[in-house]
Amino acid sequence: MIIFKYLLATCLVLSLVTETTFSQEYSISGKVSMKGSEEGMAYVHVKLTKEISPDVPLFSSVTREDGTYSFKNLSPDRYLVKVSHIGYHPQYRTIDLKGSNHQSINFTLATALISLGEVNISSLRYNKKEREVSLPVSVVPKENIPQQSSMTLSDILEKEPGVALYREGVWGTSVSVRGLGANRMVTLVDGNRVETATDLAAGLSLIDVNEIERVELIKGAASSIYGTGAMAGVINIITKNGNYRNEFGIQGEALGIYEGVNQLFGGHLSLDAGDRKWKARVSGAYRTAGNIKTPEGILENSQFADQNMNASLGVKPMENHEFSLNFQDYRAMDVGIPGGAAFGPTAIARYLIAQRSLFSSKYKINNISPLVEEVSLRYYNQFIFRDVEMLPNMGSITNGNSRITANKILPRGEHCTQGLVFETKFNLSENNRIVAGLDVWQRQLVTSREKYITQEILDDFQMVVKTLEIIRGENPIPDSRFGSLGVFIQDELSLMNDRLDLTIGARLDRIQVKSDLAVDPVFLSVNGESRDPVPGQRVIFDEQSIGAWSWSANVSGMYHLTDNLDFVSTIGRSFRSPSLEERFKYIDLGAKVRLGDPDLKPEKGLFGDLGLRYWRDGFNFNVAGFIHYLNDMIVESPGEFIYRLTAEEGAGVTDTLPALINTNIEMALLTGMEASVNAQVFSNFVMTGQAAYVRGVNLTTEGDLPLISPFTATIGARYHIMGSFVAEWNTRFFAAQNRIAPGETKTDGYFISEASLYSVPKQFGVATFQLFAGVDNIFNKSYVNHLATNRGFILVEPGRNVFLKIKMNF
């Protein structure tokens, strides 16, 4: 934070020198109005870039109350002005100031009731519109988030085709994409990897949804530039970080939230300020929620509270140079885990605290030469901490003259990921661009688990003669490090007079894994006294150092059959190096243990996708089919745990226990399809629909894969009351899932309906207000989510939920 304060102070100096740096003779101004009306539109977003670098915004602004805008003190150059507003088609205009010192450009915006794929995507290293990307993608813009209840990011993503939700409660959620879960997916925050435990469904819960600018989801093994783990796809969460302005300005936003299903109350506040040379943003939020209501009653231990703080700063020390800093701190407290598979059905488990802290910095230079478009260097440090309390509630077990009671278990985990990304963008020609770079990151994992046990010594009449309070210290996973050094390259080119667009990418990784000596128990305390040497101490894993090479590649293409119809295809080869948990986990279940294997081989996948996309004003559709072959899948198989003792009286003595050990034995095949359609039926009425299906087969056993979501379909309608409100209705259908793996439970089909009503922004004095309201699960239907039930103990989903939000911009 000291760095932030220092740089923020220098922003005033930079602002003072602005007038001497830029000529005051050149300017652009104009007015934005709605089609069919001469009245100006207030608070329309206006962005200015240079024509030679349209991906690099110079300044951002919003129109005044009368719809006017202006950019002053410009240099003589060619510029691109983009005007955009929710519910309207964006417009672009090229303006030449080389021959004139002032240009007045007016814009007239036409309403757009459905998306035309105009949202920019940056996950492919180059900014491209959604409709121009040949890979299978989904984009959730920030405008969609307040229109739904959106307790967590997973609740938002599950509305996308091919995405399924699974949960351990209300707060703890994650997603499955095309049949593969979070452990086979790369999650990024502003391009920075989020590496955390793969056995808990809370990876996407450590994000403040109100800080999201957009979410970009690449489905399947379609992008090779992110390296290990991107088999199911890539989720890139782009957060808000402020804007440079043509002249000093400051804006704020306040949001109030209520959700009835669990009495959630929350608030979010942000402030943005900036000038030509700097930009800054600070924000904070807080939420508290009680136990959730289901149609079957209260789901106990499903409460949560969370808070977060964010700060970002950008500085332009000279022309075409930018230095940026970003800090995020998210904390959840007293989070109930009513459905965690890692705990027994009688247990009460909760996160005492779950925290994610991110610090990142980036230096970027644009327009270095006609060949080199951009060079950037980025560093990040992402820390995730989990402190769990679990009360087994299993009663006492008596064996002869001893009675054992497990009182509580305290697992903790610290996940620290540091990374450095060096990237260069080359502009070889008008139709050929290349991005290449070096991506180095390391995850460090430190875990502990303390078991608090009461042992009562009984006499022959089962009376207590002595009580021992025992604390058993364990390392579920030894202190370990996972490092990756990867080089990547991606080529984007247009052929056949721009009718064929190709994207070719490849990456080579050197994986290095190290772990310390692992023993169990680590320590033993009896009535406050430590036992040394520790009796019965076993060596679980010797000190390890493992290295391996892996590679991935992809080719995707888009052929423009007509101006509106595109044929897209993708093939890719992916890999996933086994995680630290899969290599080194040790979970003692008493008579049996669950064990990792340090020598696991990487999982490998071959992926293919074919699709058609049609974009036209008032109508679009997207249909795709995919096939995904996976080899060397990691599963648990029965085996023997061979250990040796460390205590002096038994040092070196080996023994065995039955175990479930991670092994590479399985091959799998996933096939499926996705489709979506949006049609403007009448001038203010839109119909929507989507469907998704995935089939998972274990080729080794010729059985079904576990945790495969059933066929889903959605139909919806949206009515626009121009200038006032938008009303929306959606009904989602879920088929029964009868194709199940051994140990899974079949689930019945069901449907749930939801409705929402939200206003357009309305001006009141110096502020604009917008209201959002809606109802989830309108009919309070009792249903079972296949993934949540078979992953843990969530037997019924949330009931009817009435939500209300009010947003104020000032």
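Residues numbered from 1 in each chain as written. Predicted model: local features only at pLDDT ≥ 70, side-chain atom pairs only at ≥ 80, totals over all residues. Heavy atoms only, no water.

(A) Structural detail: the overall build of the protein chain. Helix and strand content of the protein chain: five helices and 51 strands. Taking 2.2 N^0.38 as the reference for a compact globule, 810 residues should give roughly 28 Å; the C-alpha atoms of the protein chain span a radius of gyration of 28 Å, in line with that estimate. Taken along the three principal axes of its C-alpha coordinates, the protein chain extends 100 × 55 × 50 Å. Counting over 810 residues, the protein chain shows a buried share of 55%. The contacts of the protein chain with a sequence gap of at least 6 include a subset with a gap of at least 24, amounting to 68%. About 33,900 Å² of surface is accessible on the protein chain, with carbon and sulfur atoms providing 58% of the total. For the protein chain, the separation between the mean place of its 78 positive charges and that of its 89 negative charges on side chains is 3 Å. (Helix = DSSP H or I, 4+ residues; strand = E, 2+ residues; numbered from the N terminus. Rg over C-alpha atoms; globule rule 2.2 N^0.38 Å. Buried < 20%, exposed > 50% of the residue type's maximum accessible area, 1.4 Å probe, protein only. Contact = heavy atoms within 4.5 Å. Areas by Shrake-Rupley, 256 points an atom, 1.4 Å probe, with all protein chains shown as cover. Lys, Arg positive; Asp, Glu negative; His and termini not counted. Charge placed at Lys NZ, Arg CZ, Asp CG, Glu CD.)

(B) The arrangement of the sheet that holds strand β17 (residues 233–239) in detail. In spatial order, the strands read β11-β16-β17-β14-β15; together these five strands make up an open sheet with mixed pairing. Each edge of the open sheet is held by one strand with a lone partner, namely β11 (137–141) and β15 (192–193). Across two bridges, the pairing between strand β14 (residues 185–189) and β15 is antiparallel. When the bridges of β15 are listed, Leu188 appears paired with Arg193. (Pairing = 2+ DSSP bridges.)

(C) Just empty space enclosed by the protein, in detail. Using the criterion set out here, one finds nine cavities of 30 Å³ or more in the structure. The space that makes up the largest cavity amounts to roughly 450 Å³. Lining the largest cavity are 31 residues, with Asp155, Glu158, Arg167, Arg732 and Tyr783 positioned closest to its centre. Listing elements by their share of the lining of the largest cavity, those giving two or more residues are β12 (163–167), β47 (725–734), β48 (750–759) and α5 (786–791). Of the residues belonging to the lining of the largest cavity, the class tally is 13 nonpolar, 10 polar and eight charged. (1 Å grid on protein atoms, 1.4 Å probe; cavity = no way out; pocket = protein on both sides within 12 Å on 5 of 7 lines; lining within 4 Å. Points joined across faces, edges and corners; volume = space filled by probe spheres on them. Nonpolar A, V, L, I, M, F, W, Y, C, P; charged D, E, K, R; others polar.)

(D) Inspection of the pattern of salt bridges at higher detail. Per the stated rule, a full pass over the model turns up 43 salt bridges. Measuring nitrogen to oxygen at the nearest pair gives 3.3 Å for the salt bridge that ties Glu158 to Arg732. A residue pair is termed long-range when its members are at least 10 positions apart, and Glu158 in the loop between α3 (153–157) and β12 and Arg732 in strand β47 qualify at 574 residues. For Glu158, a relative accessible area of 16% corresponds to the buried category. Arg732 gets classed as buried once you look at its relative accessible area, which sits at 9%. A salt bridge links Lys601 to Asp632, with the shortest nitrogen-to-oxygen separation between them at 3.7 Å. With Lys601 in the loop between β40 (593–595) and β41 (603–616) and Asp632 in strand β42 (residues 619–645), this pair connects stretches of sequence that are 31 residues apart. (Salt bridge = Lys/Arg side-chain N within 4 Å of Asp/Glu carboxyl O.)

(E) Highlighting the side chain of Glu253. Along the polypeptide, Glu253 turns up in strand β18 (residues 249–259). With no salt bridge to any partner, buried Glu253 finds its closest opposite charge in Lys240, at an N-O distance of 4.0 Å. At 3.2 Å, the side chain of Glu253 and the side chain of Asn809 are in polar contact. Filtering out sequence-adjacent residues up to four positions away, Glu253 remains in contact with Lys240, His268, Leu269, Ser270, Lys807, Met808, Asn809 and Phe810. (Polar contact = N/O pair within 3.5 Å; in protein donor to acceptor, adjacent residues only side chain to side chain.)

(F) Quick peek at the environment of Leu157. By secondary structure assignment, the location of Leu157 is in helix α3. Residue Leu157 is classed as buried on the basis of its relative accessible area, which comes to 1%. Separated by 353 residues in sequence, Leu157 and Arg510 place their C-alpha atoms 32 Å apart. Each residue touching Leu157, except ones within four places of it in the same chain, is listed here: Val140, Val163, Val175, Leu204, Val215 and Ile235.

Shape is all these values report; function is a separate question.
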